[in-house]
Amino acid sequence: MSEKEIIFCKSGGCTAKLGAGVLEHILERLPKGQKDENLLVGYDSSDDAAVYKLNDHQAFVQTLDFFPPMVEDPYLFGQIAATNALSDIYAMGGDVKTALNIVCFPESMDLNILGKILQGGAEKVQEAGGSLAGGHSIADSDVKYGLSVTGVVDPEKIWKNNGAKSGDKLILTKRLGVGIICAANRVKQAPEGAMEQVIASMTTLNRTASEIGRSFCIHACTDVTGFGFLGHLHEMMDGRLSSVIYVDQIPVFDGARECAEEFLLTAAGQKNRNHLEGYVQFEDVSFGMEEVLYDPQTSGGLLFAVSKKQADDLCEKLQKAGLPAAIVGEVTEQKKSEIFVINHKKK
């Protein structure tokens, strides 16, 4: 599949997101309207999806996500975009029910390419146990694809991203470095085998991780996507907590640190750094690893804040399910630095 057959934007996947600082500036000025007591989670909380209570036992979860391609194969792109969009349901502790396609496609392009994108997306919706129920398409100069997804959750068991407690352990379920490896691949400098690792991760649903987590005392959860590990952790701290991150325990894709050291980076990663550097303090951390932590992820893993007593058991069960999960840090009471990144082995 040549680049002429599928149009690449300058930044594909979640690297195409607007910067967090820009979004905050816009969203804080939007009219809120009259408060609806049944809207349990809205955009004012920086959460992964909206949650609306239907009754005492059921609420629906609503989300949408779409972006330009970051891989040349349209079928794989469809799978990745769908997996990424479905993830927000799992990050709220919910189950997928329905999905609608969102498509931007040039009328001059071969429609077989669009068919492969939609096939990849449809298969992932089926794997998630959901039903593809329609969609909407527009003619555009570039290819973009994603899903609007609806799920269900018990209103008493919602995983918000800002419910963490001091003493919680932080568990990450997928490796970091997606944006860096994709950037290196675009200029044909990705290490051998690295892109295959990244694609396998981006097409792995967070369903298993979410379902395993429901048996544990999860105080907060988010999926790590365009704002990078540190950006989503910043949202989780909610301006009231701090955290210590063990940089040597972070799962990272092979070659990602080395690519970062060679400045194979993304503009979105630098936006993340500019927005977050006032909240983060590094100690004995290489430049390459700093960039991995700022790196925008496409279809990244879940980040759990879980009771300290249950952390080892949860991590073990995630690993037994074949996930590269690791305990990557802990939540503390609010300190001078919101996020303190250290080399745990040297402490």
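Above this text sits the structure in question.
Residues numbered from 1 in each chain as written. Predicted model: local features only at pLDDT ≥ 70, side-chain atom pairs only at ≥ 80, totals over all residues. Heavy atoms only, no water.

A. Representation of helix 9 (residues 267-276). Residues of helix 9 that are buried include every one of Ala268, Gly269, Asn272, Arg273 and Leu276, and no others. Within helix 9, the buried residues cover an arc of 145 degrees as seen down the axis, which keeps them to one side. The outward face of helix 9, more than 90 degrees from its buried face, is lined by the exposed residues Ala267 and Asn274. Buried residues along helix 9 sit in contact with helix 7 (228-237), strand 10 (280-282) and helix 10 (287-294). (Buried < 20%, exposed > 50% of the residue type's maximum accessible area, 1.4 Å probe, protein only. Helix = DSSP H or I, 4+ residues; strand = E, 2+ residues; numbered from the N terminus. Arc of directions from axis to C-beta. Contact = heavy atoms within 4.5 Å.)

B. Representation of the pairing of strand 3 (residues 58-67) within the structure. Residue alternation in strand 3 divides its side chains into a buried set, Ala59, Val61, Thr63, Asp65 and Phe67, and an unburied set, Gln58, Phe60, Gln62, Leu64 and Phe66. The pairing of strand 2 (residues 50-55) with strand 3 spans five bridges and is antiparallel. In the strand pairing of strand 3, Ala50 is matched with Gln62. Where strand 2 folds back onto strand 3 in an antiparallel hairpin, the turn is made up of two residues. Strand direction decides the pairing type here: strand 3 and strand 6 (residues 144-153), joined by nine bridges, are antiparallel. Bridging from a neighbouring strand, Phe60 pairs with Val152 of strand 6. (Pairing = 2+ DSSP bridges.)

C. Molecular detail of the pairing of strand 13 (residues 339-342). Relative to strand 13, strand 9 (residues 241-246) runs parallel, the two being bridged by four bridges. In the sheet register, Ile245 faces strand 13, and the bridge partner there is Val341. Here three bridges tie strand 10 to strand 13, and the two strands are oriented parallel to one another. When the bridges of strand 13 are listed, Gln281 appears paired with Phe340.

D. Summary view of the pattern of salt bridges. Summed over all chains, the structure comprises 11 salt bridges. Of the charged contacts, one joins Lys124 and Glu127 as a salt bridge, the two residues approaching to 2.8 Å between their closest N and O atoms. Of the two residues, Lys124 and Glu127 are both situated in helix 3 (residues 111-127); the distance of three residues between them amounts to about one turn of the helix. Under the relative-accessibility criterion, Lys124 is labelled buried at 5%. Put simply, Lys317 and Asp313 hold a salt bridge, and the shortest N to O gap is 3.0 Å. In this pair, Lys317 and Asp313 both sit in helix 11 (residues 308-320), four residues apart, roughly one turn of the helix. A relative accessible area of 39% means that Lys317 is categorised as partly exposed. Residue classification places Asp313 among the partly exposed positions, given a relative accessible area of 34%. Among the ionic contacts, a cluster of salt bridges with common partners joins Arg273, Glu290 and Glu291. (Salt bridge = Lys/Arg side-chain N within 4 Å of Asp/Glu carboxyl O.)

E. Molecular detail of the sheet that holds strand 10. The strand order across the open sheet built from seven strands is 8-11-7-12-9-13-10, with neighbouring strands paired in mixed fashion. The two strands at the open ends of the sheet, each matched to only one other strand, are strand 8 (218-223) and strand 10. Strand-to-strand, the axes of this sheet are offset by a mean angle of 20 degrees, without reference to chain direction. Direction of pairing for strand 8 relative to strand 11 (residues 302-306): antiparallel, over a ladder of five bridges. (Axes fitted to C-alpha atoms, helices over the stretch in contact; angles between N-to-C directions.)

F. Region of interest: the sheet that holds strand 4 (residues 95-105). Strand order in the open sheet made by the six strands is 1-2-3-6-4-5, with mixed pairing throughout. Single-partner strands in this sheet number two, and they are strand 1 (39-41) and strand 5 (131-139). Neighbour-to-neighbour, the strand axes of the sheet open up by a mean angle of 20 degrees, direction not taken into account. In the sheet, strand 4 pairs with strand 6 via nine bridges, with the strands oriented antiparallel.

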